Amino acid sequence: MTDLDVLTLRAAYDNQLRPEIPDPVPAGVTVERDGPLVRIVGLDAGGFLTYRDLGGLTGDALDELIARQVALFRERGQSVEWKLNEHDEPADLADRLRAAGFVAKDRETVVVGPVAPLAAALPVAPEGVRLREVTSREDLERIAAMEEEVWQEDRSHLVTGLAKEIDADPHSITVVVAEADGTVVSAGWVRFPANTGFATLWGGSTLPQWRGKGIYRALVTYRARLADQRGRTLLQVDASEDSRPILQRLGLVPVTTTTPYVYTP
């Protein structure tokens, strides 16, 4: 993979996937614009700030934009995530976010790669594990319970957020669980952003005792086949340090990193 290839994939990511706005917008979700910034409220546990770029804002003008978000979410009594990519400008944006009270969480690697090779691979789950597409609230609650066991924190927002997306357009997202003896041991979902060549992969948390058995890889290839059926040619994932090596072995390429900066009133 040449530097030019990486730059081409990053440009596709920037131009087609950013800003990350749900389409259609689910009921109960609001999308608000503040200059180059897009605020999304009602889809997750807190608010979400996204953008293609910041339109060249620097210095005091940028600080004022950041301060408006802090004031708004402080008044709402709600946390908000500013998704910062490594190649975002200006270079001191992270410093300005920290100065305004945002706290950096775990960095992830944005990986992008072609759908076709993965779609050609059979999604082979280990013996005793079944992959199944789900839509019911009961199954979404089982996914949240699994994630709560993995992360030891409340994940109830997944139930409401995923349910809203499915209700808004069941063709825009597919949720897949991996089950063993009736227990959800892992889960992931694939989104199909409108008017792009991408499918984006999310989730992938796996119960500790079921890791290292190929379940995550099977979920990735299963969702790649769904993407191929929709005519999508590229996959994108915000990869944790656990999943990044697996995804790279499957042919996806790091194009940047992303760090959630979270303000909590």
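Residues numbered from 1 in each chain as written. Predicted model: local features only at pLDDT ≥ 70, side-chain atom pairs only at ≥ 80, totals over all residues. Heavy atoms only, no water.

Colleague: Got a minute to help me understand unusual backbone geometry in this structure?
Modeller: Most of the time, phi is negative for any residue but glycine, and the peptide bond is trans. Geometrically, the link from R18 to P19 is a cis peptide bond, its omega value of -5° lying close to zero. Position of P19 relative to the elements: it lies in the loop between α1 (3-17) and β1 (30-34). Residue D23 is joined to P24 through a cis peptide bond whose omega torsion reads 5°. With respect to the helices and strands, the residue P24 is situated in the loop between α1 and β1. With a phi close to 55°, Q152 is a non-glycine residue in the positive phi region. Looking at the element boundaries, Q152 is found in the loop between α5 (137-151) and α6 (156-168). (Helix = DSSP H or I, 4+ residues; strand = E, 2+ residues; numbered from the N terminus.)

Colleague: Before we go on, may I ask you to explain α5 in this structure?
Modeller: Residues separated by three or four positions in an α-helix point in the same direction, a consequence of the helix having 3.6 residues per turn. For α5, with 15 residues, the first-to-last C-alpha span of 21 Å sits near the 21 Å given by 1.5 Å per residue. Among the residues of α5, those classed as buried are D139, L140, I143, A144, M146, E147 and V150. For α5, the arc enclosing every buried residue in end-on projection is 160°, short of the 170-degree limit, so these residues lie on one face. Looking at the buried side of α5, the elements it contacts are β7 (130-134), α6, β8 (173-180), β9 (183-191) and β10 (198-206). The first or second residue beyond α5 is Q152, which carries a positive phi of 55°. (Expected span 1.5 Å × (residues − 1). Buried < 20%, exposed > 50% of the residue type's maximum accessible area, 1.4 Å probe, protein only. Arc of directions from axis to C-beta. Contact = heavy atoms within 4.5 Å.)

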